Structures are given as structure tokens and as C-alpha cells.
Amino acid sequence: MSVEAAVERLEFRDPHRARTLTRLLGALCREIGKPVSVMHVCGTHEQSIGRFGLRSLLPKELTVLMGPGCPVCVTDMPEVDEAVALARQGVVVATFGDMFRVPGTAFSLAEAKAEGADVRVIYSPFEALKLVQGTEKQVVFFATGFETTAVATAALVLAHPPENLSVLSAHKYIPPVMEIVAEMPQSHVQGFLAAGHAATITGWHIFERFVARHHIPVVTAGFEPLDILAALSELVRLIRDGEERVVNAYPRCVTPDGNRQAQKLLWEVFATEGGNWRGIAHVPNGNLRLRPKYSWADARCRFDIDLSSLLDEAPPRLTQECICGNIMAGIASPYDCRLFAKECTPQNPVGACMVSSEGNCKIWHEYGGHVVVRE
Amino acid sequence: MCLGVPGKVVEIDGLTASVDFWGVKRKVRLETVDEPVQVGDYVLVHVGFAIRRIPQGQIEETLDLYNQLIAATNQDLMAVDIRAEVAATAKINGGADER
């Protein structure tokens, strides 16, 4: 089946429901009578919105922004630098494919590999176990991703890997960054769509504290085009009615308390810590770091990571002009970036948002961003 | 990396399950799943780990999106991510995919 045929089938599988939802969204926005701005925090949501052209169906008063929902994109440059430094020190570094080409202050892991460092791409944390079999070499798993992925890294640590495997955690925790984005003075976000699979782990109760603090509603959302339209309708309805609460629009996967077994593993191994999210801000409790009792598996405790040689190198000129941070904070769109689709392309990415398949810039480059409104 | 991919459990051996993804059988870790799973259940899998037993009666609507995307071309961004999730599961006996 061609992509076009697949899209056609999916987008119009239930045209009645899609039309009903878009009509409802239009009516709700007209009742509100002024522009409405909401944010989602998930690369897969943006993929689905872009791929199925959902923005073309939305009323023009409604803006749906992508927030800091791409874990690779928010990995801070010094975190990449740590992995690059370890690779250049002779350690085998294993990481996810999207992380491979993300620039650090001076180098990406791909560039370190081109210079002779041993960098391997893996799909699952457990593949790191295979890499240490039959080698004396030290292997470091450079672990990125939100809580959904950190659960898998926790399981790897709890499986007591061999002595020559350790973890360099750049895992991030989503709930605290929603607070930061909501508090940004330039931000006009009136409601959040919560990421469906991160919420599968944490449950939706966790967002109640956020709602109480920030007085804006949160709706959990799945990834089907109709899931997203339904969740947006619910969110805009809550905004119209001034209702400050959490609604679960993805009950197939999200429960009030989430996946307790996964939480048990996650919090056994990890603790939250403040840290920078690339281009956005310092996020209190936004980083997931190994607890001291697992220091034997923590690359930061096991190795003397020397960043000094990297900091002497000047960062590439174009990175100064990259506005990924503003894009991820929802205060700029990829189309506002002077480099977008010119100097910065998926083949030659300047910023992390053009590297990852979950990055706003890569997704807009692939599928387009704002699309022409269909009649 | 926020994606999950649904598959059907065909065999369970301790903390490891053989899971069928569109005819490809792969190994999936179970220590992270929310409730006990049995042969015949569908699970949502992320980076090789089951994170959710999909309730009976909601399986078909969960599969819909994936059924469409798995048929898409190799170049499609979202379809590539879904294939990567299947690739994150371990091959059976370290050999080729069982079909």
C-alpha cells in the first residue's frame, strides 16, 4: 500500500467522527471568542499531527504548539560532551540512533566515531549487555529518554550487568518541565496535552498537582488522529468552561496511578535532580540520575570524565543562531528560524530538533508544519 | 522514543515473552509490565520492554494506527520509528526473525 493510500484510509476511516470533532472544536473556539493556545509535550504527538495534517483541520483560532517533548533534543550539550569525552578516552559508548548525530559543544558522537572512537548504536538498553559479552573493554550506555525509557534502563541496572558495563544517564522527567514552560512569561499556553506513554508509566493523578498550581487543564492523549482531535476538543472545552482539572482521554493505556511495577523499578534506581534542558532552562527535578547505592553502575562515578579538551574547541558558528530552545519552549516555530531547511536540514542538522525523528524541526521538514486549510 | 508498539504474547518463559509483531516473533522483557500477562494478551512494548497489558476489547482500536503505518513506505518518519521499536526487541535465539 502506498503512503497516500494508507493516509487516506486512516484519515478518513471515520470521517463522520473527525468532522464532528473539528466542528465541535470550531464551535468551542468561537464561544471563547479569542485565540486559544495549547501545548503537547510529545514527539509522537507531533509526528501524528504532522503526518495526518491535523493542523489543517483545526479552527484558525486554535494554535497547537509542540513543547519540550523530544528527549534527544532536550539532552544538554554538556551531557553529550560527557559521552564524547568518554568515547575519546577509549571507552565503548553505546546509545540510541537519534543521539548519535546530536551536536555537543564541539563534537557529536558521530564525529568522535569518525575520528576513531568506538561508538555503537543500539535500540534497547538490553543490547548493551550483548556488547560487554566477550570483551574486557569498558562499555558505557549513554541513556537518553523520558521516564518511559528510563524504566528500561532501571531494569538493566537491576539485572546486575557485568562490571564493565555502566550507565551515563541523561534521562529526563517530564512533569517538572511542564511547570517551567507554564511559568515562562512569554508563554501563553492555556492547556496541556500530556504525553500518552509517559503517562502510561506515571498515571494521570500526577498532573493534578500541576493543575492546582498553574490553574490550567491537562488532558492525556493517545496517538491516533482521532485520539488527538478528541483530546483537543476536551481540552478546549475545559478552557471554555474555566475548569481546572485533569481529564484522561487515553484510557486504553493511562490509568489514575499508572504502571506501579514500572514506577517501582524507576524510583528504585533513579532520583530526580535539577539540571539544564538544552536551550530551555534549568529544570528543578527535571533530570533522572542514578541513586548513590547504584554508583557501581554510574559512569559518572566510575570514570574521571575530562571535558577540558572539548571546551577548548570553538562551537560551530551556526549553532549560535539555532533557536531550538525557543521552539521547544513554544515561543517560536521552526518557520521562525532563519536556518530552517536552508543551512539546517536532516542531512546537515545544526540543532538537535533537526536530528531526532521526534524533533519539531525534523517533523516539519518531513511533513510540513502549517498546512493550507482545506475547504 | 515515546512510542510503543503493540504485539501479541505467544509464549512466556519467566520474565521473557515471545511476542508476535505482524508475523515477526521477538523476545520482550516482562519485568516492567503493569499486570500479569498470559499467552494471547496484547502488550505495548517500548525499547524491548512491555509497559502495558492492553485491555481486551481495546486491542483493535490500539492496533489500527500501527496497522496503517506498518504498511507505509520505508522513508516515512513515523513508520521508521515503529519499525525501530520492533527492532529494539531481541531476536529469538539470537538468530533470524521467526516468521
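A short note on the overall build of chain A
For chain A, the count of helices and strands is 17 helices and 11 strands. Taking 21 Å as the expected radius of gyration for a compact globule of 375 residues, we find that chain A reaches 21 Å, a close match to that expectation. Here chain A, with 375 residues, has 54% of them falling under the buried criterion. Of all intrachain contacts in chain A linking residues separated by at least 6 positions in sequence, the fraction that spans at least 24 positions is 76%.

Concerning the packing of helix α1 (residues 59-70) of chain B against helix α2 (residues 77-87) of chain B
A pair of packed helices can be characterised by two numbers: the angle between their axes and the separation between those axes. All names here are of chain B. Relative to each other, α1 and α2 sit at 110°, their axes nearing to 9 Å. As far as their axial angle goes, α2 and α1 are roughly perpendicular. Across the interface between the two elements, Tyr-66, Leu-69 and Ile-70 from α1 touch Met-78, Ala-79 and Ile-82 from α2. Its residues placed into classes, the contact of α1 with α2 shows 6 nonpolar, no polar and no charged.

Quick word on the interface of chain B and chain A
Taken together, the contacts link 35 residues of chain B with 41 residues of chain A. Among the secondary structure elements, those contributing two or more residues to the side of chain B that touches chain A are β4 (42-46), β5 (49-54), α1 and α2 of chain B. Of all the elements, α2 of chain B adds the most residues to the side of chain B that touches chain A, at 6 residues. Along the lines of polarity and charge, the residues of the side of chain B that touches chain A split into 19 nonpolar, 8 polar and 8 charged.

Focus: the sheet that holds strand β7 (residues 191-195) of chain A
All names here are of chain A. Here we have 5 strands laid out as an open sheet, ordered β2-β1-β7-β8-β9, and parallel in their pairing. Of all the strands in the sheet, just β2 (62-66) and β9 (246-248) have a single pairing partner and so form its edges. In this sheet, neighbouring strand axes are inclined to one another by 25° on average, regardless of whether the strands run parallel or antiparallel. Across 5 bridges, the pairing between strand β1 (residues 36-40) and β2 is parallel. In the strand pairing of β2, Val-38 is matched with Val-64.

Quick word on α2 of chain B
Considered for burial, the residues of α2 of chain B that qualify are Met-78, Ala-79, Asp-81, Ile-82, Glu-85 and Val-86 of chain B. End-on view of α2 of chain B: buried residues confined to an arc of 160°, all on one side of the axis. On its buried face, α2 of chain B sits against α3 (43-51) of chain A together with β1 (5-13), β2 (16-21), β3 (24-29), β4 and α1 of chain B.

Quick look at the domain arrangement of chain A
Residue and element names in this part refer to chain A. Domain parsing of chain A yields domain 1 (3-69 + 181-248) and domain 2 (72-173 + 259-311). Between the C-alpha centres of domain 1 and domain 2 the distance comes to 32 Å. Of the residues lining the interface, 6 residues belong to domain 1; the matching set on domain 2 comes to 10 residues. Taken together, the residues of the side of domain 1 that touches domain 2 break down into 3 nonpolar, 3 polar and no charged.

Side note on the pairing of β3 of chain B
Residue and element names in this part refer to chain B. Summarising the sheet, β2 and β3 pair through 6 bridges and their orientation is antiparallel. Of the residues in β3, the one forming a bridge with Ala-17 is Val-28. As consecutive antiparallel partners, β2 and β3 are separated by 2 residues, and within that stretch Trp-22 has a phi angle of approximately 50°, a positive value. Pairing analysis gives 2 bridges linking β3 to strand β6 (residues 90-91), with the strands arranged antiparallel. The residue of β6 that forms the bridge with Lys-27 is Ala-90.

Describing the pairing of β7 of chain A
Residues and elements named next belong to chain A. When you tally the buried positions in β7, you get 5 out of 5 residues, the bulk of the element. In this structure, β1 lies alongside β7, joined through 3 bridges in parallel fashion. Note on β7: the bridge partner recorded for His-40 is Leu-193. The pairing of β7 with strand β8 (residues 218-221) spans 4 bridges and is classified as parallel.

Section: the sheet that holds strand β6 (residues 165-169) of chain A
All names here are of chain A. Overall, parallel pairing links the 4 strands, which are arranged β4-β3-β5-β6 in an open sheet. Only two strands of the sheet have a single neighbouring strand rather than two, namely β4 (119-121) and β6. Averaged over all pairs of adjacent strands, the angle between their axes in this sheet comes to 25°, without regard to strand direction. Pairing analysis gives 4 bridges linking strand β3 (residues 92-95) to strand β5 (residues 139-143), with the strands arranged parallel. Residue Thr-95 lies in a different strand from β5, and its bridge partner there is Phe-142.

A look at unusual backbone geometry
Leaving glycine out, the prevailing phi sign among residues is negative, and the prevailing peptide bond configuration is trans. Of note in the backbone geometry, Ala-341 of chain A takes a positive phi value of approximately 65° without being a glycine. In this fold, Ala-341 of chain A is placed in the loop between α16 (324-328) and α17 (360-367).

Comments concerning the nonpolar core
Soluble, globular proteins show a tendency: their nonpolar side chains are buried together. In this structure, Ala-87, Val-93, Phe-142, Val-151 and Leu-168 of chain A together with Val-43 and Ala-50 of chain B are the most contacted members of the largest nonpolar core, which totals 159 residues. In terms of residue count, helix α12 (residues 225-240) of chain A provides more of this core than any other element does, 10 residues in total. Here this core spans two domains, and each of domain 1 (3-69 + 181-248) and domain 2 (72-173 + 259-311) of chain A adds at least three residues to it. Ignoring any residue separated from it by four or fewer positions in sequence, one finds Val-151 of chain A in contact with Ile-201, Ala-262, Leu-265 and Leu-266 of chain A together with Thr-32, Phe-49 and Ile-51 of chain B.

Here we look at the environment of Ile-70 of chain B
Residue and element names in this part refer to chain B. Along the chain, Ile-70 falls in helix α1. Linking Ile-70 and Val-80, residues 10 residues apart in sequence, is a C-alpha distance of 8.7 Å. With residues up to four places along the chain from it excluded, the contact list for Ile-70 reads Trp-22, Ala-79 and Ile-82.

Quick word on the confidence of the model for chain A
Residues of chain A with pLDDT of at least 70 account for 94%, and the chain-wide mean is 91. Below a pLDDT of 50 lies the segment residues 1-12 of chain A, which in the model reaches 15 contacts outside its immediate sequence neighbourhood of four places, other chains included.

Each value, and the rule that gives it
- Residues numbered from 1 in each chain as written.
- Chains lettered and ligands numbered in written order.
- Predicted model: local features only at pLDDT ≥ 70, side-chain atom pairs only at ≥ 80, totals over all residues.
- Helix = DSSP H or I, 4+ residues; strand = E, 2+ residues; numbered from the N terminus.
- Rg over C-alpha atoms; globule rule 2.2 N^0.38 Å.
- Buried ≥ 20, exposed ≤ 12 C-beta atoms within 10 Å, placed from the backbone.
- Contact = placed C-beta atoms within 7 Å.
- Axes fitted to C-alpha atoms, helices over the stretch in contact; angles between N-to-C directions.
- Parallel < 35°, antiparallel > 145°, perpendicular 65-115°, else oblique.
- Nonpolar A, V, L, I, M, F, W, Y, C, P; charged D, E, K, R; others polar.
- Pairing = 2+ DSSP bridges.
- Arc of directions from axis to C-beta.
- Domains from an automatic or database assignment.
- Core = buried A, V, L, I, M, F, W, Y, C linked by C-beta atoms within 7 Å.
- pLDDT = per-residue confidence, 0-100.

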